Protein chains: 2
Amino acid sequence: MPIRTPNDILICFEEEKAKQFIEKVWGLNPTFICVIGNTETAKIPRISAAGKYPELTDYTPAADVELLFYGRCKCIKGVPVTPEGIPTPALITMSAVRVADIPVFVVNAGVKVKPHIPFIEVEGSPGNDIRTGRAVKDPEKIFQRSVLLGESFAKISDYLVIGESIPGGTTTALGVLLAMGIDAEGKVSSSMPNNPHDLKLRVVKEGLASTNVDPERLKKDPLVAASAVGDPMMVAFAGLIVGAAKRIPVVMAGGTQMAAVLAIVKGKNPNVLENVVIGTTRWIIDDNTSDLTYLVSQIARVPVLAANLNFSYSKYDGLQMYEKGAVKEGVGAGGATIASILKSKGNITCKTILSDIEKNYERLLSLKH
Amino acid sequence: MPIRTPNDILICFEEEKAKQFIEKVWGLNPTFICVIGNTETAKIPRISAAGKYPELTDYTPAADVELLFYGRCKCIKGVPVTPEGIPTPALITMSAVRVADIPVFVVNAGVKVKPHIPFIEVEGSPGNDIRTGRAVKDPEKIFQRSVLLGESFAKISDYLVIGESIPGGTTTALGVLLAMGIDAEGKVSSSMPNNPHDLKLRVVKEGLASTNVDPERLKKDPLVAASAVGDPMMVAFAGLIVGAAKRIPVVMAGGTQMAAVLAIVKGKNPNVLENVVIGTTRWIIDDNTSDLTYLVSQIARVPVLAANLNFSYSKYDGLQMYEKGAVKEGVGAGGATIASILKSKGNITCKTILSDIEKNYERLLSLKH
C-alpha cells in the first residue's frame, strides 16, 4: 500500500523521487546532526539578523544547540533573537526532535564560542571574513574527518537529518555558488525580510577579487572555492553527506545554504546524490527574495520537501513574524519537522509541533525576566 | 531455542545474568565507544608500560584511536608498544571492530595529545598526578556531559561497548577503589608482567594524604573520590553508562579499571547496574597478580565475560608475549572481541580475529621500517 504524503509535507521539486524517499524512511529512526560554525563575515554591518549586535553572532550557534540539549541556553540569557526580537528557529527544531524523540548530535566545524554540551570536534577553525579571499583554513582536514564521522553515523542510523547554525551563512553560500559558476545572484535567502542582495554580492565580489586562485580552479575544486569564499560549516556538512549517503539516506535540513553544500558534495562524490533530499520550511519556498529550487535545479535533481509550518495564528507576535518573512529557516528547523512527521508516521503534525513550540517559548520568555 | 554461549566467550562471574545478556544482544548491532584521557600519574617511573618512555604516554591514547580509524597511527610512527616492544591492545580492538563492521566513536575525557580523527569533546582536562590529591578538574561537568552523550547514543544503538585508553589507569583505579573503601590492595592489574603493587599503593596513599577531603565524603561521593585520586577517563566512562544503561545494555570493556568505573556508577545511579556487564580478556582472568572478579563482587553482582583469546601459537613474538602476562587488556580489546562474536552470531571467532590481527601487525611492522 503506497504511503500518502502527509499534508504537512509539501513537495517542491522532483516529486517522484521525493515520494520514494518518504516511502523509504516512513516510520524509521533518523539521527539529527547540527553542524555549527562561525564566520567573521556575519559581522559586516547589516548582513545578518542572527544576533542583535554583530558581536553577538559569536554566541548564536552555541546558544542554538544548547537550546536543543537543555531546552534553554547556557552561554547567553534568553534565546538568540533577531534585532527585532524574533526568536531563533532552534525553537522549532527543539520541539520537533523532542516530540519525536530524535537523538541530537552536534558537530563543531569551527565556532568562536563553544557550547556547554558534548559536541563532536573535527578541529576546524572559525571562518575569516570572505572579503579576505581566505575564508577557511585547512578545509581538507575538516572534510576528511567529517567523512569518517558520516561513515560511523551511517552504521547506526536509519537515515540522517543534518542542519546548521552559522550566522552570515547565506553570504558565504552565495560566495561558493558564484565561485563555482552557478547563477545565484539575487537567489540566496536572508533571515531578514529585506534581503540585502546588493551588500552580499559586493562582499562576495570583494572576496573573489582578493583570492589569488585561478577562477577555473575555483569552479572545479569545491574545497578550494569554500576555502576562498565559503565557511567551515559547509565543508563539514558536505563531508558528513559524502560519508553517510553512500549507505543511508540523508536529509539536508536548511534553506538556500543547502545549494552551496550540494555543490560541494557534487564536486567530491556525485554518486551519493541519489541518496540525498533537501528538507526546508514553507517560508523558504514562499520567499520572493530567494529561489531555492532554481539554485538546486542547476546543481542536481535532488528532491526538495518543505514542512508546512504556519505561525499566522500563533499566540505570540515573535512567532507570527515568521509569516512576515523573518528568520524563515535555520538549525535544521524544516528538515527536523519533516523527520518528526515521518518518524511518527504522520501522528505528529505541524500543529502538534507549533503547540509545543508555544509552550517552550512561553517558558523561555518567563525565564528571561 | 536458547542460545549456546560460544566457546570463545568465557563466563567468569554471575553466570545466569551473563547468559541472559548474551541471549538479549545475540545478533544485534553494538556501538563501540573508546574513552581516552591522560593522567600525569603515568609518568611516575616504573608505574606504566603504555609507552616506551614516560613522556611517550602522552601520545598513547591518541595513537590507539587513530589505529582504530585508519589502521595506522598518525601522531606517532609505528604503534604504541611497551618498553619490551609488545604492541598495543588497540590492534585487537581494531581487528574486532573491523571484521564485524562495528562503528567506532571516541570520547575525549582529557588528553594531552589530540588524535587526528573526529572525536567527541566533553571538555575535560588531562588528569594531574594523583599524589597531589587533586587529580581531576571539574568532574561534575565531564560526568554530566557524558550522561547526555550516553542518552543520545542509547537512542541509536542496540547496545554499547565502551573501552578506554589511559596510561597509568590501573593506579588511578586503585586510588578511587581505596578512597571508596573497597578492598583493592594488590588486586588491580598491570600492563607489565611484574605488577608494581607496592609502588602503586605508595602513590595512592600519598594522594589520599594530600587531599583535604574528609574520608567519609570520599567514600560516599564517587566524583569527589575521582576528583581527588582518579582520572578524567573514569568520570566520562561512568557518565556514559549512567546515560545509556537506563535504556540499553552496556558492556564495560576493560580489566580491573572497570571496578573503579563500576563503583562510580553505583554511587551515581545503582539502578542502571541491571543493564551492565563487564567484558574483558582471558589474560585478565588468568592474571595471578590481580583479581577482577573479587573487586567486582564487592561492588555489584554484574556479570563478567572474557574473550578466550589465545596468542600462544601466533607467528609473532610480540603477540605471543600476551601469554606471558604483558599488556593483557586495554582499548576495550576483550569487550570488542566479545561484541564481534555476538554480532556475528558466533561466525566470528577468536581465531578469525587473531588471523586478522596478524595480518595487520605484519603490515604495521613493514610500515615502520
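Numbers given for residues are sequential positions, taken from 1 along each chain in its written order. Numbering of ligands from 1 and lettering of chains from A proceed in the order in which they are written. Totals for whole chains, interfaces and linings use every residue, but because this is a predicted model, local features are given only for residues with pLDDT of at least 70 and side-chain atom pairs only at 80 or more, for both listing and counting. Working from all heavy atoms in the structure, the side-chain values ignore hydrogens and water.

(A) The overall build of chain A, seen in detail. Helix and strand definitions follow DSSP, with helices as H or I runs of at least four residues and strands as E runs of at least two, each counted in order from the N terminus. Within chain A one finds 15 helices and eight strands. Oriented by its inertia axes, the alpha-carbon framework of chain A measures out at about 55 × 50 × 40 Å. Each residue is placed in one exposure class: buried if its accessible area under a 1.4 Å probe, protein chains only, is under 20% of its type's maximum, exposed if it is over 50%, and partly exposed if it falls in between. Residue burial in chain A is summarised as follows: out of 369 residues, 66% are buried. Contacts spanning at least 24 positions in sequence make up 79% of the contacts within chain A whose residues lie at least 6 apart. Charge separation in chain A, taken as the distance between the mean sites of 41 positive and 38 negative side-chain charges, equals 3 Å. Contacts between residues were defined by any pair of non-hydrogen atoms, one from each residue, lying within 4.5 Å. His is not counted, nor are the chain ends, whereas Lys and Arg count as positive and Asp and Glu as negative. Lysine's charge is taken at NZ, arginine's at CZ, aspartate's at CG and glutamate's at CD.

(B) Region of interest: the pattern of salt bridges. When a carboxyl oxygen of Asp or Glu lies within 4 Å of a side-chain nitrogen of Lys or Arg, that pair is called a salt bridge. Inspection of the entire model under this criterion finds 28 salt bridges over all chains. A salt bridge links A:Arg247 to B:Asp101; its shortest N-O distance comes to 2.9 Å. One end of the pair, A:Arg247, is in the loop between helix H9 (232–244) and strand E6 (250–253); the other, B:Asp101, is in the loop between helix H3 (90–99) and strand E3 (104–110), on a second chain. Relative accessible area serves as the criterion here: at 29%, B:Asp101 is assigned to the partly exposed category. When the shortest N-O distance is used, the salt bridge between A:Glu323 and A:Arg282 registers 2.9 Å. Highlighted residues: A:Glu323 in the loop between helix H13 (317–320) and helix H14 (333–343) and A:Arg282 in helix H11 (residues 282–285), separated in sequence by 41 residues. According to the relative accessible area criterion, A:Arg282 is buried, its value standing at 13%.

(C) Broad picture of helix H14 (residues 333–343) of chain B. All names here are of chain B. Across the eleven residues of H14, eleven count as buried, placing the element largely inside the fold. Within H14, the full set of buried residues consists of Ala333, Gly334, Gly335, Ala336, Thr337, Ile338, Ala339, Ser340, Ile341, Leu342 and Lys343. The first or second residue beyond H14 is Lys345, which carries a positive phi of 55°.

(D) Expanded view of the packing of aromatic side chains. Between 30 and 60 degrees the pair is tilted, below 30 it is stacked and above 60 it is edge-to-face, where a pair is any two Phe, Tyr or Trp rings, Trp via its six-membered ring, whose centres lie within 6.5 Å. Enumeration according to the criterion identifies 14 aromatic pairs over all chains in this entry. The interplanar angle of 55° and the centroid separation of 5.0 Å between the aromatic rings of A:Trp283 and A:Tyr322 together place this pair among those described as tilted. Taken together, the positions of A:Trp283 in helix H11 and A:Tyr322 in the loop between H13 and H14 put the pair 39 residues apart, joining distant regions of the chain. Centroid distance B:Phe21 to B:Tyr159: 6.1 Å. Interplanar angle 85°. Geometry classified as edge-to-face. A residue pair is termed long-range when its members are at least 10 positions apart, and B:Phe21 in helix H1 (residues 15–25) and B:Tyr159 in strand E5 (residues 159–165) qualify at 138 residues. The same class applies to B:Phe21 as to B:Tyr159, namely buried. The structure contains a cluster of three or more aromatic residues connected by ring pairs, namely A:Phe105, A:Phe153, B:Phe105 and B:Phe153. Lysine NZ or arginine CZ positioned within 6 Å of the ring centre and within 35 degrees of the ring normal marks a charge as sitting over the ring. Residue placement shows A:Lys268 over the ring face of A:Phe143; its charged tip is 4.9 Å from the ring centre.

(E) The nonpolar core, seen in detail. By nonpolar core is meant a set of buried Ala, Val, Leu, Ile, Met, Phe, Trp, Tyr and Cys residues that side-chain atoms within 4.5 Å join together. A:Ile241, A:Leu262, B:Ile241 and B:Leu262 are the most contacted members of the largest nonpolar core, which has 154 residues in total. The contact partners of A:Leu262, leaving out residues within four places of it in the chain, are A:Met252, A:Leu273, A:Val276, A:Ile278, A:Val296, A:Ile299, A:Ala300 and A:Val302. Residues A:Ile9, A:Leu305, A:Val331 and A:Ala336 belong to the second largest nonpolar core, which totals 64 residues.

(F) Quick look at the packing of helix H10 (residues 257–268) of chain A against helix H12 (residues 292–299) of chain A. Residue and element names in this part refer to chain A. All axes are obtained by fitting lines to C-alpha atoms, using only the stretch in contact for helices, and the reported angles, taken between N-to-C directions, cover 0 to 180 degrees. Where H10 meets H12, the closest approach of the two axes is 9 Å, and the angle between their N-to-C directions is 5°. Considering the angle they form, H10 stands roughly parallel to H12. Between H10 and H12, the residues in contact are Ala259, Leu262, Ala263 and Lys266 and Leu295, Val296 and Ile299, respectively. Roughly parallel covers angles under 35 degrees, roughly antiparallel covers those over 145, roughly perpendicular covers 65 to 115, and oblique covers all other angles.

(G) Expanded view of the pairing of E3(B). Residue and element names in this part refer to chain B. Summarising burial for E3: seven of the seven residues are buried, a large majority. A pair of strands is treated as paired once DSSP finds two or more bridges between them. For strand E2 (residues 30–37) and E3, the ladder comprises six bridges, and the chain directions are parallel. Following the sheet pairing, Cys34 is matched in E3 by Val106. When E3 meets strand E4 (residues 119–121), the two strands line up parallel, connected through two bridges. By the bridge assignment for E4, Asn108 is matched with Glu121.

(H) Structural detail: the relation of the copies chain A and chain B. Note on the identical chains: chain A maps onto chain B by a rotation of 180° and an axial translation of 0.0 Å, with an RMSD of 0.0 Å. The transformation relating the two chain copies, once decomposed into turn and shift, fits a two-fold axis. Looking at the rotation axis and the C-alpha trace of chain A, the residue lying nearest is A:Ile120, at 2.1 Å. Both copies share a contact surface, since 100% of the interface residues of chain A are interface residues in chain B too. We superpose the copies by least squares over the C-alpha atoms of residues that have a pLDDT of at least 70 in both of them.

(I) Region of interest: the environment of B:Leu223. Residues and elements named next belong to chain B. In this structure, Leu223 sits in helix H8 (residues 222–229). C-alpha of Leu223 to C-alpha of Val265: the two residues are 42 residues apart in sequence and 9.8 Å apart in space. The contact partners of Leu223, leaving out residues within four places of it in the chain, are Pro139, Glu140, Phe143, Val235, Ile264 and Lys268.

(J) Local environment of a nonpolar patch on the surface. All names here are of chain A. Like charges are joined within 9 Å and nonpolar side chains (Val, Leu, Ile, Met, Phe, Trp, Tyr) within 5 Å, but only among residues with over 30% relative accessible area and no salt bridge; these make up the patches. Accessible surface area values rest on a Shrake-Rupley calculation with a 1.4 Å probe, where residue burial reflects the displayed protein chains alone. Taken together, the side chains of Tyr53, Leu56 and Tyr59 present a nonpolar region at the surface, about 300 Å² in accessible area. By the secondary structure assignment, Tyr53 is in the loop between strand E2 (30–37) and helix H2 (60–70). On the basis of relative accessible area, Tyr53 is assigned to the exposed category, the value being 53%.

(K) Focus on the side chain of A:Lys43. Residues and elements named next belong to chain A. Relative to the helices and strands, Lys43 resides in the loop between E2 and H2. Any pair of N or O atoms that falls within 3.5 Å is considered a polar contact. Within protein, one atom must be able to donate a hydrogen and the other to accept it, and sequence-neighbouring residues count only if both atoms are side-chain atoms. Only 3.0 Å separates the side chain of Lys43 from the side chain of Asp58, close enough to count as a polar contact. Discounting residues that sit within four places of it in the chain, Lys43 has contacts with Pro54, Glu55, Thr57, Asp58 and Lys112.

(L) Structural detail: the interface of chain A and chain B. Tallying the contact residues gives 26 residues for chain A and 26 residues for chain B. A simple way to read buried area is as the amount of 1.4 Å-probe accessible surface that goes missing from two parts once joined, with both sides added. Carbon and sulfur atoms supply 63% of the area buried between chain A and chain B, which totals about 2300 Å² over both sides. Among the residues of chain A in contact with chain B, A:Pro118, A:Arg145 and A:Ile156 are the three that bury the most area, contributing 25% of the side total. Our enumeration of links across chain A and chain B arrives at four salt bridges. The partner of A:Lys155 in a salt bridge is B:Asp101, with the nearest N and O atoms 3.0 Å apart. Linking chain A with chain B are eight residue pairs in polar contact (both at pLDDT 80 or more).

(M) Summary view of the pairing of E2(B). Residues and elements named next belong to chain B. Burial analysis of E2 places eight of its eight residues in the buried class, the great majority of the element. Alternating positions in E2 separate into two faces, Pro30, Phe32, Cys34 and Ile36 on one and Thr31, Ile33, Val35 and Gly37 on the other, with burial throughout. Strand direction decides the pairing type here: E2 and E5, joined by seven bridges, are parallel. Across the sheet, residue Ile33 finds its bridge partner in E5, namely Ile162.

(N) Broad picture of the side chain of A:Thr82. All names here are of chain A. Inspection of the secondary structure puts Thr82 in the loop between H2 and helix H3 (90–99). Taking the relative accessible area as the measure of exposure, Thr82 reaches 5% and is therefore buried. Filtering out sequence-adjacent residues up to four positions away, Thr82 remains in contact with Ala49 and Val327.

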